Amino acid sequence: MAAVSFSQIQKSFGKTAVLHGISLDISDGEFMVLVGPSGCGKSTLLRMLAGLEDITGGTIAIDGRVVNDLDSKDRDIAMVFQSYALYPHMTVRDNMGFSLKLRKDKPARIAEGVARASRILNLDPYLDRYPRELSGGQRQRVAMGRAIVRDPKVFLFDEPLSNLDAKLRVAMRSEIKALHQRLKTTTVYVTHDQVEAMTMADRIAVMNEGRIEQLGEPLELYDRPANLFVAQFIGSPAMNVFEGIFKNNHIEALGARWPTSARAAEGQSVKYGIRPEHLALGADGIAAEVEVVEPMGAETEVLVKVGAQTFTVMTHGRPTFGPGEKIRLAPQAAHAHLFDAASGRRL
Amino acid sequence: MNRRLLSEAKLWLIAIPVLLWTLIPIYHIFLFSISTKDSAFSGALWPKEPTLRNFGTVFRQEHFYLHHFWNQIWNSLWIAVATGLITLLVATCAAFSISRLRVRGGRTVMNAALFTYFIPAAFLAVPMYKAMGTYGLLNSRWSLVLAMVTIAAPYAIWVLKQASDKLPWELDEAARIDGATPMQLFRLVYLPLMVPSLVAIFTYALLLAWNEYLYAFLLLSHENTIPLAVGLGHFLSSDDSPWEILMATALVYGLPPAAIYYAFRRYMVGGLTSGAVKS
């Protein structure tokens, strides 16, 4: 186990800079998720930590030792790839034992390591099968087994669940989380899926265009997004955002007055953000027209229109209204977020 | 249903002439080889008295032109296998370093390899003769092996490079993280996955050398060093060539490649076309 420290990391491919000075400290045993849209540099950052990409500037340290010039194999890390990257010509057993074999461990030790990992991951029945004879979820478990066997200082996951179907993804999510709780190995996990990030992480680094937009615990990002990008990226369904003017402790927009407990300069142009579950449907409030009602059982997602703006509303009840009907929206002032219209920063 | 029949019929209309076109010469070889000297040119589709005596003559080396038959077929085999192995070694290393290790100048090597095919091999025969002479290799089987490797290697490199490119890049990265050195990556991951293409390329180079005449004729001139292809050519030096024995020898000569091709046919088609299309 070890702490990982990125310091002023820069990366350019030719003349294109993709990472602009990233600094990030991951503590020992932490589950850190790097999340962001594709092309934000999260995978590049992970691959630099893995030693698969050169570092243009800055330093990476594992357990206090700068690893910039170390080969992947000398960094004591293990990585799980999106495509599993299992060796097709080796059995599950040989796949998992490969790193130990390269390390010239004794056969008995290799067998012991493989047995331990396969017990943890319930892979015992598949040890003599080839990867092509396994399902996607089993392959992913073998890939994880290959990582566990080495007992590395840091686990790296590069979008490991993207190739699985939705149901399996949820199951594997819990499995990885449980694995981490059991092994307590420092983990860096890259995903573009904010739900994965929210559910698995100890802390999340939200990345965009080669920078970290915000770093924090999942609910901290959810409750207090530092800027518009994080506000709209974290949360599903996404936060409702529109532009308005701050006047008399309210936001004037879309022909209505929106309550907020946040403060801005009088007359300032702001973005007003409110999450779907913080819009109550009631007798009083802002007039809206129902567009679509999507019942999901426990909750109901309602799309409504105020002026030209569409809002998503999440409600626990089972509303009786249908499309075209007029209803009223009551935003919870304490949960309204204000962002500077120009910079997008939280006010 | 009728439409399908029609399109199948069209295919047969093309296939049957092509098949006959291919098979008739082979049938003729066979016909000659089981005929007596007198009936060889009778023009009949089946000899009146088919005989296997010609094969006996060949195997017992009982004809003037065949006094070194076993020696020459051994030369053919030796040269073909050596060519196959060396081509494989050269091309695999080149393909691995260009495709997987991404060495600098890899593209240039690939282009240069392709460029060699702009010059017909026949034009290079005389320079090659000169070069082998300089190195004192003339009349050694090695001269032909080296010449054949020169001719086979560029194509072999191309095919193997294409096949290498198709292997997922993540495998190399996974192996690197697992602690593999480039040599271990080559031996433990790359080679096992390339087996179909390697077999195809080995067979290709082997058959190329086995069938070679021009270079063999030029570089080797001693009865004991020439391969059978050149030995067969000697038959034509007499006014009254023993065709039936020539054809019997030819048939024997043609069997090993046919057997090799048959044994590896699965790899040949798969290996040579892999990388050509997205699977």
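It should be emphasised that the depicted structure is a prediction, and the values quoted were computed from it without experimental measurement. (Residues numbered from 1 in each chain as written. Chains lettered and ligands numbered in written order. Predicted model: local features only at pLDDT ≥ 70, side-chain atom pairs only at ≥ 80, totals over all residues.)

### Here's the deal with helix H5 (residues 166–183) of chain A
Right, on to step 1. For H5 of chain A, built from 18 residues, the straight-helix expectation of 26 Å at 1.5 Å per residue is met to within 8% by its first-to-last C-alpha distance of 26 Å.
Right, on to step 2. Each element contacted by the buried residues of H5 of chain A is listed here: helix H4 (136–149) and helix H6 (194–200) of chain A. (Helix = DSSP H or I, 4+ residues; strand = E, 2+ residues; numbered from the N terminus. Expected span 1.5 Å × (residues − 1). Contact = placed C-beta atoms within 7 Å.)

### Structural notes on unusual backbone geometry
Residues and elements named next belong to chain A.
Right, on to step 1. Cis geometry marks the peptide bond from Ser236 to Pro237; its omega dihedral reads -5°.
Right, on to step 2. Mapped onto the elements, Pro237 comes out in the loop between helix H8 (228–233) and strand S11 (240–247).
Right, on to step 3. Despite not being glycine, Gln8 has its phi angle at roughly 50°, a positive value.
Right, on to step 4. By the secondary structure assignment, Gln8 is in strand S1 (residues 4–13).

### Things to note about the nonpolar core
Right, on to step 1. Residues Leu34, Leu156, Val188 and Val206 of chain A together with Ala156 and Ile201 of chain B are the most contacted members of the largest nonpolar core, which totals 158 residues.
Right, on to step 2. Two domains each provide a minimum of three residues to this core, namely domain 1 (4–233) and domain 2 (240–340) of chain A.
Right, on to step 3. Each residue touching Val206 of chain A, except ones within four places of it in the same chain, is listed here: Val35, Gly36, Ile212, Glu213, Gln214, Leu221, Val230, Phe233 and Ile234 of chain A. (Core = buried A, V, L, I, M, F, W, Y, C linked by C-beta atoms within 7 Å. Buried ≥ 20, exposed ≤ 12 C-beta atoms within 10 Å, placed from the backbone. Domains from an automatic or database assignment.)

### Re the interface of chain B and chain A
Right, on to step 1. On the chain A side, the residues contacting the 14 residues of chain B number 17 residues.
Right, on to step 2. Contributing elements (two or more residues each) for the side of chain B that touches chain A: helix H7 (169–178) and helix H8 (182–211) of chain B.
Right, on to step 3. The dominant element in the side of chain B that touches chain A, judged by the number of residues it contributes, is H7 of chain B, at 7 residues.
Right, on to step 4. Tallied by class, the residues present in the side of chain B that touches chain A amount to 8 nonpolar, 2 polar and 4 charged. (Nonpolar A, V, L, I, M, F, W, Y, C, P; charged D, E, K, R; others polar.)

### A closer look at the pairing of strand S16 (residues 286–295) of chain A
All names here are of chain A.
Right, on to step 1. Strand direction decides the pairing type here: S16 and strand S19 (residues 326–331), joined by 4 bridges, are antiparallel. Each bridged residue has a counterpart across the sheet, and for Glu289 the counterpart in S19 is Lys326.
Right, on to step 2. Taken together, the 6 bridges between S16 and strand S17 (residues 300–306) define a ladder with antiparallel strand orientation. Bridge assignment links Val290 to a residue of S17, and that residue is Val304.
Right, on to step 3. Hairpin geometry of S16 and S17 is characterised by an intervening segment of 4 residues between the two adjacent antiparallel strands and by a positive phi of about 100° at Gly297. (Pairing = 2+ DSSP bridges.)

### A word on the confidence of the model for chain A
Right, on to step 1. Mean pLDDT over chain A stands at 91; residues scoring 70 or higher make up 100%.
Right, on to step 2. Looking at the elements of chain A, mean pLDDT is at its lowest for strand S15 (residues 279–282) of chain A, recorded as 85, and at its highest for strand S3 (residues 31–35) of chain A, recorded as 96. (pLDDT = per-residue confidence, 0-100.)

### Overview of the sheet that holds strand S20 (residues 337–340) of chain A
Residues and elements named next belong to chain A.
Right, on to step 1. Spatially, the 5 strands line up as an open sheet ordered S13-S12-S11-S14-S20, and their pairing is antiparallel. Bordering the open sheet on either side are strand S13 (256–259) and S20, each of which pairs with just one other strand. Looking at each pair of strands side by side, their axes are set apart by 45° on average, direction ignored.
Right, on to step 2. Here strand S12 (residues 250–253) runs beside S13; their pairing, made up of 4 bridges, is antiparallel. In the strand pairing of S13, Ile251 is matched with Trp258. (Axes fitted to C-alpha atoms, helices over the stretch in contact; angles between N-to-C directions.)

### Re the environment of Thr185 of chain A
Right, on to step 1. Mapped onto the fold, Thr185 of chain A is located in the loop between H5 and strand S8 (186–191).
Right, on to step 2. Measuring from C-alpha to C-alpha, the distance between Thr185 of chain A and Ala3 of chain A comes to 9.8 Å, with 182 residues separating the pair along the chain.

### Points about the pairing of S8 of chain A
All names here are of chain A.
Right, on to step 1. In terms of residue burial, S8 counts as a mostly covered element, since 6 of its 6 residues are buried.
Right, on to step 2. Of the two faces of S8, both are covered, the one formed by Thr186, Val188 and Val190 as well as the one formed by Thr187, Tyr189 and Thr191.
Right, on to step 3. As paired elements, S3 and S8 share 5 bridges and run parallel to each other. By the bridge assignment, Leu34 is partnered in S8 with Val190.
Right, on to step 4. Judged from the 5 bridges that link them, strand S7 (residues 154–158) and S8 form a sheet pairing that is parallel. Bridge assignment links Leu156 to a residue of S8, and that residue is Val188.
Right, on to step 5. Handedness of the crossover joining S7 and S8 through H5: right-handed. (Right-handed = clockwise from strand over helix to strand, strands pointing away.)

### Here we look at the packing of helix H2 (residues 92–102) of chain A against H4 of chain A
Residue and element names in this part refer to chain A.
Right, on to step 1. Interhelical geometry of H2 versus H4 gives an angle of 30° and a closest axis separation of 8 Å. As the angle between them shows, H2 and H4 are arranged roughly parallel. Crossing of H2 over H4 shows right-handed handedness. Residue-level inspection shows Val92, Asn95, Met96, Gly97, Ser99 and Leu100 of H2 in contact with H4, the latter providing Val142, Gly145, Arg146 and Val149.
Right, on to step 2. Its residues assigned to classes, the contact of H2 with H4 shows 5 nonpolar, 4 polar and 1 charged. (Parallel < 35°, antiparallel > 145°, perpendicular 65-115°, else oblique. Left-handed = near helix turned anticlockwise from the far one by under 90°.)

### Some remarks on the packing of helix H3 (residues 107–120) of chain A against H4 of chain A
Residue and element names in this part refer to chain A.
Right, on to step 1. Contact geometry for H3 and H4: axes closest at 9 Å, N-to-C directions at 135°. With respect to H4, the axis of H3 lies oblique. Considering the relative orientation of H3 and H4, their crossing is right-handed. Note on element contacts: H4 touches H3 through Gly145, Ile148 and Val149, opposite Gly113, Val114, Ala117, Ser118 and Ile120.

### What to know about the environment of Trp243 of chain B
Residue and element names in this part refer to chain B.
Right, on to step 1. Tracing the backbone shows Trp243 in helix H11 (residues 243–263).
Right, on to step 2. For the pair Trp243 and Met148, spaced 95 residues apart in sequence, the C-alpha to C-alpha distance is 29 Å.
Right, on to step 3. For Trp243, the contacting residues outside a window of four places in its chain are Phe32 and Ala40.

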